[in-house]
Amino acid sequence: MEIKINIKKRYFQILLIVFLIGIFSFYVTGYHAGSFDPNAPNHELLQIIDQNGVSIDQDEDGVIDKANNAGNIFIRWGRTTCPMNTELIYDGLVAGGHYQHSGGGSNTLCLSKNPTWLNYDDGSQNGNLLYGTEYQTNPSFGLEVFNSLYDFDAPCAVCLVEAPFFMHPGSKECPSGWTVLYEGYLMSEHFTYQKSETVCVDKEAESIAGSGTNSNGNLWYPTEAECGSLPCSSEGYVQDREITCSVCVKN
Ligand SMILES: [Ca+2]
Ligand SMILES: [Ca+2]
Ligand SMILES: [Ca+2]
Ligand SMILES: [Ca+2]
């Protein structure tokens, strides 16, 4: 009789141990599986930047939101440093298409100063062509403060900011609730040349050392208001006056 009771007791002890091992295993493996839950908020996703330079935000539920215009990366054209309360990612060279070429890319790039390569062929195949950007700011194009930059090439800075931002064309000031990151002048290609991008160039623009040779690749000119199509008045735009801009960040 006593032997039977001991066998039953041992049987329950074994069952209990198996049960405890099972619970332990479930927690260990379940914990690791949970860390790969694709729907869980993942801080690594908070600052992903897509191919167009638009940041992909993520709300508290982990839902990715790409459409709120809350890009966290902006380019400070004409400078190598970033404004206060923003972080320099890298400084580079401004580059774009040739002023006489009707094809090629139309956007302006903040190009790396330190290129690295994948596959290449050093023969000239002349597909898309990329040129450095020169301040074409001789005195005949106004904007006296930029005259000393004439024929020099422009740098740029790619900056990280933690709030939504936008470029405000036409004003060196920002709307209420927004703070100026930098102010400057709208610049782009000459109106008789081929199209390029209009960007906001810092009012205290710098040049790349030793770049004063006249190369005329991609060119920056100041931008003038043309009344009639634009409304002009004593409080508004003025015929032939150089248009300003600012980059604004949400308070
Ligand atoms: Ca070539
Ligand atoms: Ca030039
Ligand atoms: Ca030059
Ligand atoms: Ca003018």
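Every value quoted in this text rests on a predicted model; they were computed, and no experiment measured them.

Engineer: Go over the overall build of the protein chain with me, naming the residues and quoting the values.
Structural biologist: Each helix and strand counted, the protein chain has one helix and 13 strands in total. Written out in order from the N terminus, the α and β elements of the protein chain read α-β-β-β-β-β-β-β-β-β-β-β-β-β. Taken over 251 residues, the protein chain has a buried fraction of 24%. Across the protein chain, contacts joining residues at least 24 apart in sequence account for 67% of those joining residues at least 6 apart.

Engineer: Quick one: what's the story with the nonpolar core, residue by residue and with numbers?
Structural biologist: With 35 residues, the main nonpolar core has Trp77 and Val201 as its most contacted residues. Going through the elements one at a time, β4 (73–77), β5 (87–96), β8 (155–160), β10 (178–188), β11 (199–202), β12 (218–222) and β13 (244–250) are the ones with two or more residues in this core. With five residues, the single largest contributor to this core is β10.

Engineer: Quick one: what's the story with the confidence of the model for the protein chain, residue by residue and with numbers?
Structural biologist: In regions of low pLDDT, the predicted coordinates are not meant to be interpreted in detail. Per-residue confidence for the protein chain gives a mean pLDDT of 83, with 72% of residues at or over 70. In this model, residues 20–70 is a region of pLDDT below 50 whose contacts with residues beyond four sequence positions or in other chains number 32 contacts.

Engineer: Explain the environment of Leu230 to me, and be specific about the residues and the numbers.
Structural biologist: Counting through the fold element by element, Leu230 comes out in the loop between β12 and β13. The partly exposed category is assigned to Leu230, around which 13 C-beta atoms lie within 10 Å. Not counting residues up to four positions away in its chain, the partners in contact with Leu230 are Ala225 and Tyr237.

Engineer: Summarise unusual backbone geometry; cite the residues concerned and give the values.
Structural biologist: Non-glycine residue Leu143 carries a positive phi angle of around 50°. Structurally, the position occupied by Leu143 is in the loop between β7 (131–135) and β8. At Asp151, a residue that is not glycine, the phi angle is positive and equals roughly 75°. By secondary structure assignment, the location of Asp151 is in the loop between β7 and β8.

Rules used throughout
Residues numbered from 1 in each chain as written. Chains lettered and ligands numbered in written order. Predicted model: local features only at pLDDT ≥ 70, side-chain atom pairs only at ≥ 80, totals over all residues. Helix = DSSP H or I, 4+ residues; strand = E, 2+ residues; numbered from the N terminus. Buried ≥ 20, exposed ≤ 12 C-beta atoms within 10 Å, placed from the backbone. Contact = placed C-beta atoms within 7 Å. Core = buried A, V, L, I, M, F, W, Y, C linked by C-beta atoms within 7 Å. pLDDT = per-residue confidence, 0-100.

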